[in-house]
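# Tertiary structure, described
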Amino acid sequence: VAVRQGNGLFGVPQPLTNLNTNLVDGHPVLTRDGLTLYWSSNRVPGGGAPGTTTDIWSATRASTADVFDTPMLVPDLNSSGSESLSWIAPDNCSALLQSTRAPNKGLQDIFEAVRPL
C-alpha cells in the first residue's frame, strides 16, 4: 500500500505483511468503501505446501485506518481451477474474474459473478 502525501505524491509502497505469504499473492481488488480487499493466492488454508492453482481470498477491516483481518477463502467465487478477481461493482453485487474453470474456450476465460443485494 502507498499512502498519498500532502504534496499529492504517493509515499513508498509498503507490503501488507499480515496478508502476504512467501507464495503467490497478487491481483488485488479493493471495494469502493475500502473495507474489503480481494486477491488471488496459491496459499493453502491452514498453511502447508502451496497449491497448484490460485484461489480468490478476501480480508475485511472495520475502517480504512485499520489493518485487514485474517484472510478468508471466497468459496462462492472459487472452483477447482485457477481464479483471480479483476473488478467488483461499487455495490459489491457483481464481480468479473478470470478462471480456468469449465466451460472455457481458452487457457483462461472471463466470467461474471452476480449476487442479490
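Further up the page is the structure itself.
Residues numbered from 1 in each chain as written. Predicted model: local features only at pLDDT ≥ 70, side-chain atom pairs only at ≥ 80, totals over all residues. Heavy atoms only, no water.

### As for the nonpolar core
Note that soluble globular proteins tend to have their nonpolar side chains buried in a common cluster. Formed by Val29, Tyr38, Ile56, Val74, Leu77, Leu85, Ile88, Ala95, Leu97 and Phe111, the largest nonpolar core amounts to 10 residues. Elements supplying a minimum of two residues to this core: β5 (83-88) and β6 (94-99). Not counting residues within four places of it along the chain, the set of residues in contact with leucine 77 comprises Ile56, Glu83, Leu85, Leu97, Arg101 and Ala113. Counting residues in hydrophobic clusters, the runner-up holds six residues, among them Leu19, Leu37, Ala59 and Phe68. (Core = buried A, V, L, I, M, F, W, Y, C linked by side-chain atoms within 4.5 Å. Buried < 20%, exposed > 50% of the residue type's maximum accessible area, 1.4 Å probe, protein only. Helix = DSSP H or I, 4+ residues; strand = E, 2+ residues; numbered from the N terminus. Contact = heavy atoms within 4.5 Å.)

### Observations regarding the sheet that holds β6
The three strands lie next to each other as β5-β6-β7, forming an open sheet whose pairing is antiparallel. Both outer strands of the open sheet, β5 and β7 (109-114), are each paired with one neighbouring strand and no more. With strand direction ignored, the average angle separating the axes of adjacent strands in the sheet is 30°. Of the strand pairs in this sheet, β5 and β6 are connected by five bridges, and their pairing is antiparallel. Across the sheet, residue tryptophan 87 finds its bridge partner in β6, namely leucine 96. (Pairing = 2+ DSSP bridges. Axes fitted to C-alpha atoms, helices over the stretch in contact; angles between N-to-C directions.)

### Side note on the side chain of serine 41
Positionally, serine 41 belongs in strand β2 (residues 36-41). Engagement of the side chain of serine 41 in a polar contact is seen with the backbone oxygen of valine 24, the distance being 2.9 Å. Within the structure, the side chain of serine 41 is placed 3.0 Å from the side chain of arginine 43, a separation counted as a polar contact. Apart from residues lying up to four places away in sequence, serine 41 is in contact with Val24, Asp25, Thr53, Thr54, Asp55 and Trp57. (Polar contact = N/O pair within 3.5 Å; in protein donor to acceptor, adjacent residues only side chain to side chain.)

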